[in-house]
Amino acid sequence: MNSGHHIVVLGAGYTGLFSAIRLAHRTRRTDVKITLVNPSSRFVERLRMHQIAAGQELADHQIPDLLVGTGVTFVQGTATAIDPEARQIAVDGAETLGYDTLVYALGSSTDTGQVPGADTHAFTLNNPEIAGRFATRLTEVAASGGTVTVCGGGLTGIEAATEIAESHPGLDVTLISLDEPGGMMGAKARTYLHGALDRLGVTLETGDRVTKVLPDAVELADGRLVRSDACLWTTGVKVSPLAAAAGIATDDRGLILVDATLRSVSHPEIHAIGDAAAVRLAWGQIHGTCQSGLPTAQYTADTIARLVHGKAVKPFRFGYFHQPVSLGRRDAVIQFTKADETPRRMHLTGRSAVAYKEMVSGSPLTTYRLSKRMNVTTIVSRGGRATRKPAG
């Protein structure tokens, strides 16, 4: 790769913003231009969306402010098409950006299209505006003594249900999940989590799939109706169709297929990171979390910088380290894990877990600020023995 290249980063979520800032620092002595494209000028803290849904106000971090001093050009707009052969991107159907290297970081969102009624009768945590509308509805439901359902017992659903229950004591909150909430944790951490749900008065509905969302109820596979004056949908994931539509090699979910260096197997000038990439390691495939996303952004920024300088690149290595879960503002549980995310014996609860979780949630913004002047690592574990061999 020669100097004078134009690098375009699509998406300014956790991974896209980090990769742009780190790239700017790593290539500051070369003739490289970096452009960051995102529909909104606000940086969305996805790790805190459940707080907005519960009625809390968060700081408004503007992307141009976070980029001050980096030299990165910010373009506010939506990428509507990619022409990988011409190496061009259409933004909002009008402006065209050419690129030599593309960092594809469009991320993912909650999928409400798989269950009838979810798209029209349920709220999501996809952005602050939708979460804010849910918070407004939540206040109305609480005033009338109604019922709120949270569909999806993953970590996001657990955090949302407990946050809502703590912020609105007396409100009837039901967490609906096919699997046991916290089932991926060790026995002690899982027991603590369920104790917190009981303490906050969250009702569990497990073992049955949601088949329909109605204006005032959620229908389960066995035909039962669970009253729901407000429904929050946190299960199911979808990614942007942009890559597949452009003819870039993707899997059946639309994630870009990448090699061991996180470059597209069909278009090596495209680097995919975070939720947008199908990253497979020896222990299995990474799933979309900030914990895994930031390391892919760090690795890709370093990889592109090494290519700019004509240096060799080593394969990406990563292993999971923890599962941090807030249980309202005053409680949390942290399950430490092996590289493949199976639980270790160690876990944290109570005040120490709250402090730990807050550190995790706030660390990206601190990382961005420090990365303007130094190379800050976000990789806690490279996976050890589990990643020494390449994926099969």
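Just so you know, these numbers come straight off a predicted model, no measurement behind them.

**A few points about the pattern of salt bridges**
Under the criterion given, the structure shown has 16 salt bridges. Residues aspartate 302 and arginine 22 are paired through a salt bridge, measuring 2.7 Å at the closest nitrogen-oxygen approach. Pair noted here: aspartate 302 is in helix H9 (residues 290-308) and arginine 22 is in helix H1 (residues 14-26), with a separation of 280 residues, a long-range link. Across the pair, arginine 22 and aspartate 302 agree in class, each one buried. Across the pair glutamate 358 and arginine 48 runs a salt bridge whose closest N-O atoms are separated by 2.7 Å. Taken together, the positions of glutamate 358 in helix H10 (residues 350-371) and arginine 48 in the loop between strand E2 (33-38) and helix H2 (49-53) put the pair 310 residues apart, joining distant regions of the chain. Judged by relative accessible area, glutamate 358 falls into the partly exposed class, the value being 38%. The class for arginine 48 is buried, based on a relative accessible area of 9%. Connected through salt bridges with shared partners, the residues Glu205, Asp208, Asp222 and Arg224 form a single ionic network.

**What about the UniProt feature "domain: FAD/NAD(P)-binding" (unreviewed entry) in the protein chain?**
Residues annotated by UniProt as "domain: FAD/NAD(P)-binding" (unreviewed entry) correspond here to residues 6-280. Each end of residues 6-280 is marked by a C-alpha atom, and these two atoms are 28 Å apart; helix forms 26% of the span and strand 29%.

**Thoughts on the sheet that holds strand E4 (residues 79-83)**
Ordered by their spatial adjacency, three strands build an open sheet running E4-E5-E6, and the pairing between neighbours is antiparallel. Whereas interior strands pair on both sides, the edge strands pair on one side only; in this sheet they are E4 and strand E6 (95-98). Averaged over neighbouring strand pairs, the angle between their axes works out to 20 degrees when direction is ignored. Pairing of E4 with strand E5 (residues 88-91) involves four bridges; the strand directions are antiparallel. What sits directly across from alanine 81, in E5, is alanine 90.

**Concerning the packing of aromatic side chains**
Tallied over the entire structure, the rule returns ten aromatic pairs. A centroid spacing of 5.4 Å and a plane angle of 85 degrees characterise the contact between tyrosine 14 and phenylalanine 43, whose relative ring orientation is edge-to-face. Taken together, the positions of tyrosine 14 in helix H1 and phenylalanine 43 in the loop between E2 and H2 put the pair 29 residues apart, joining distant regions of the chain. Each member of the pair, tyrosine 14 as well as phenylalanine 43, carries the same accessibility label: buried. Here the aromatic rings of phenylalanine 123 and phenylalanine 134 are separated by 5.4 Å at their centres, their planes lie at 65 degrees, and the arrangement is edge-to-face. Here phenylalanine 134 lies in helix H5 (residues 128-143) and phenylalanine 123 lies in strand E9 (residues 122-123), a separation of eleven residues in the sequence. Residue phenylalanine 123 is classed as partly exposed on the basis of its relative accessible area of 22%. Taken together, the ring pairs connect Trp283, Tyr299, Phe316, Phe318 and Tyr320 into an aromatic cluster.

**Details of the domain arrangement of the protein chain**
Each domain of the protein chain was delimited in the assignment, giving domain 1 (5-107 + 240-317) and domain 2 (118-233). Between the C-alpha centres of domain 1 and domain 2 there is a distance of 32 Å. At the interface, twelve residues of domain 1 touch 15 residues of domain 2. When domain 1 packs against domain 2, close to 1,000 Å² is buried across both sides, 65% of that on carbon and sulfur atoms. Viewed at the interface, domain 2 and domain 1 are joined by zero salt bridges. Viewed at the interface, domain 2 and domain 1 are joined by two residue pairs in polar contact (both at pLDDT 80 or more). A per-class count over the side of domain 1 that touches domain 2 returns six nonpolar, four polar and two charged.

Rules and cut-offs
Residues numbered from 1 in each chain as written. Predicted model: local features only at pLDDT ≥ 70, side-chain atom pairs only at ≥ 80, totals over all residues. Heavy atoms only, no water. Salt bridge = Lys/Arg side-chain N within 4 Å of Asp/Glu carboxyl O. Helix = DSSP H or I, 4+ residues; strand = E, 2+ residues; numbered from the N terminus. Buried < 20%, exposed > 50% of the residue type's maximum accessible area, 1.4 Å probe, protein only. UniProt positions renumbered as here; feature names shortened; annotations may be inferred. Pairing = 2+ DSSP bridges. Axes fitted to C-alpha atoms, helices over the stretch in contact; angles between N-to-C directions. Phe/Tyr/Trp six-rings, centres within 6.5 Å; stacked < 30°, edge-to-face > 60°. Domains from an automatic or database assignment. Contact = heavy atoms within 4.5 Å. Buried area = accessible area lost by both parts, 1.4 Å probe. Polar contact = N/O pair within 3.5 Å; in protein donor to acceptor, adjacent residues only side chain to side chain. Nonpolar A, V, L, I, M, F, W, Y, C, P; charged D, E, K, R; others polar.

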